[in-house]
Amino acid sequence: MAKTKEELLAILSQFDLQEKVVSAEPFGNGHINDTLKVTTEKGEIKYVLQRINHLVFTNVDMLQHNIHVVTTHIREKLVAKGETDIDRKVLTFLPTKDGKNYYFDGDSYWRVCLFIPRSKSYEEVTPELSYEAGKAFGDFQLMLSDLPEGTLGETIPNFHNMEFRLKQLREAVSANMSGRLAEVQDIVDAIEKDADTMCSAERFYREGKLPKRICHCDTKVSNMLFDENGKVLCVIDLDTVMPSFIFSDFGDFLRSAANTGKEDEADLNKVKFNMEIFKAFTKGYIESARTFLTPLEIEMLPYAATLFPYMQAVRFLADYINGDTYYQTRYKDHNLVRTKAQYKLYLEAKSATPDMKAYINSLL
């Protein structure tokens, strides 16, 4: 529900702002939360106001706790390293006047952070930007790698849990609510054939061989801010920061960035795995992260590149069999087209695995 200017200013008045503000207007193109830029009486954009989507992030207390812990910890690391201009290198969230890190107005949850001046973001993916992204997300994990286990909660439980996603698919198959199973049985069978291998991470975790780390869990070029010279200032969009396998950040980036086609590409000949993007991102990532990664984590990076298109194919397919109840679709078979495109990307990444392994060994 849209708010009037007066209502937005009343919400802003609940926060401990240093300057008088006069307006809040829509900003950016995020899909989950509503984001507004806030202008002061001097005409400067000084703050960013966000309405948190509490249908997606149902535990706002935990969400804001996670973000507070992460930004405070990164700030301490930057200070210790002697960094300058720190307010541009980590997001700064402002408390409400009663010391909380969000405000509830009776139907919506709101938060405010400082606007980062002279910053820009990119949507397109190039090898240069992929290298910077690899370095930035590796560095992000490195700075948080010494947080004690249990410090953060899971803002979206089972978000990147492959066993859970397969369980959802199997439930969809057994219910066959839309009567669509017969036409996709061959894809279901192909997915099941590799299911055991693709659940390796959860299995190794239970066996104590693989740790969970603090990860961003939504790694894309547009979730970083750059300075005037094209250098990364900071990682943004911290709602999904939570404990996960490092594969979340590595594989999720490549799923979109290294796909030569669109996520819902109907012409499967256009869907290939872009090794140049893989190499650039991996080089940056290993430069930043190798000091804390275990040998098994490094060895499984190619697995991560196959895991995410596989997982997304499973999710699209389950939704298609359920009758398109989760993802928004633009036409009747949209989820099926998405499934086939992601499964093709999985097969392309799988066949590139020997090349990925050779490249990673060359970096080490």
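Now for a description of the structure that goes with this document. (Residues numbered from 1 in each chain as written. Predicted model: local features only at pLDDT ≥ 70, side-chain atom pairs only at ≥ 80, totals over all residues. Heavy atoms only, no water.)

On to empty space enclosed by the protein. A probe as big as a water molecule, rolled over the atoms, marks out the empty space that is left. Overall, the coordinates contain one cavity of 30 Å³ or more when judged by the stated rule. Around the largest cavity, the lining residues are His 160, Ala 201, Glu 202, Ser 244, Phe 245, Phe 247, Ser 248, Leu 307 and Phe 308. (1 Å grid on protein atoms, 1.4 Å probe; cavity = no way out; pocket = protein on both sides within 12 Å on 5 of 7 lines; lining within 4 Å. Points joined across faces, edges and corners; volume = space filled by probe spheres on them.)

To continue, consider helix α12 (residues 334-351). The end-to-end C-alpha distance of α12, which contains 18 residues, comes to 26 Å, matching closely the 26 Å that a straight helix rising 1.5 Å per residue would cover. For α12, the tally of buried residues reaches 14 of 18 residues, placing the bulk of the element in the interior. (Helix = DSSP H or I, 4+ residues; strand = E, 2+ residues; numbered from the N terminus. Expected span 1.5 Å × (residues − 1). Buried < 20%, exposed > 50% of the residue type's maximum accessible area, 1.4 Å probe, protein only.)

Taken as a whole and judged by the stated rule, the model has zero disulfides. Lacking any disulfide linkage, Cys 113 is separated from the closest cysteine sulfur, that of Cys 234, by 9.3 Å. Cys 217 carries a free sulfur, and the closest cysteine sulfur to it, the one in Cys 215, is 5.3 Å from it. For Cys 217, a relative accessible area of 2% translates into the label buried. (Disulfide = S-S within 2.5 Å.)

A separate point is the side chain of Thr 92. Residue position: Thr 92 is located in the loop between α2 (60-80) and β4 (93-94). At 2.5 Å, the side chain of Thr 92 and the side chain of Arg 75 are in polar contact. The contacts of Thr 92, once residues within four sequence positions are left out, are Arg 75, Asp 87, Val 112, Cys 113 and Leu 114. (Polar contact = N/O pair within 3.5 Å; in protein donor to acceptor, adjacent residues only side chain to side chain. Contact = heavy atoms within 4.5 Å.)

Right, let's talk about unusual backbone geometry for a bit. Phi at Asp 85 is positive, roughly 55°, even though this residue is not glycine. Assignment of secondary structure puts Asp 85 in the loop between α2 and β4. Its identity is not glycine, yet Asn 176 carries a phi of approximately 45°, on the positive side. As for its placement among the helices and strands, Asn 176 is situated in the loop between α4 (162-175) and α5 (181-193).

Note on soluble globular proteins: their nonpolar side chains tend to be buried together. Phe 247 and Phe 273 are the most contacted members of the largest nonpolar core, which has 99 residues in total. If one sorts the elements of this core by residue count, helix α11 (residues 301-322) sits on top with 14 residues. Sequence-distant contacts of Phe 247, defined by excluding residues within four places in its chain, comprise Ala 201, Leu 210, Asp 252, Glu 297, Met 300, Tyr 303, Ala 304 and Phe 308. Formed by 15 residues, the second largest nonpolar core is a distinct cluster that contains Leu 12, Val 21, Leu 49 and Val 112. (Core = buried A, V, L, I, M, F, W, Y, C linked by side-chain atoms within 4.5 Å.)

With five of its six residues buried, strand β6 (residues 109-114) lies for the most part within the structure. Across six bridges, the pairing between strand β3 (residues 45-52) and β6 is antiparallel. The residue of β6 that forms the bridge with Val 48 is Cys 113. Of the strand pairs in this sheet, β4 and β6 are connected by two bridges, and their pairing is antiparallel. By the bridge assignment for β6, Phe 93 is matched with Cys 113. Here strand β5 (residues 103-104) runs beside β6; their pairing, made up of two bridges, is antiparallel. (Pairing = 2+ DSSP bridges.)

This brings us to the environment of Gly 99. Looking at where Gly 99 falls in the secondary structure, it is placed in the loop between β4 and β5. For Gly 99, a relative accessible area of 58% translates into the label exposed. Distance in space between the C-alpha atoms of Gly 99 and Leu 114 is 16 Å, their sequence separation being 15 residues.

Tracing the backbone through its elements, the reader meets Thr 294 in the loop between α9 (275-289) and α10 (295-299). Residues Thr 294 and Pro 309, spaced 15 residues apart in sequence, show a C-alpha to C-alpha distance of 24 Å.

Further remarks concern the layout of surface pockets. Approximately 440 Å³ is the volume attributed to the second largest pocket. As for the second largest pocket, its lining consists of 23 residues, of which Asp 139, Met 143, Val 232, Leu 233 and Cys 234 are closest to the centre. Only α2, α3 (127-144) and β9 (232-235) provide two or more residues apiece to the lining of the second largest pocket. The leading source of residues in the lining of the second largest pocket is α3, at six residues. Broken down by class, the residue content of the lining of the second largest pocket amounts to 12 nonpolar, one polar and 10 charged. (Nonpolar A, V, L, I, M, F, W, Y, C, P; charged D, E, K, R; others polar.)

The values reported here are purely geometric and, on their own, carry no functional implication.
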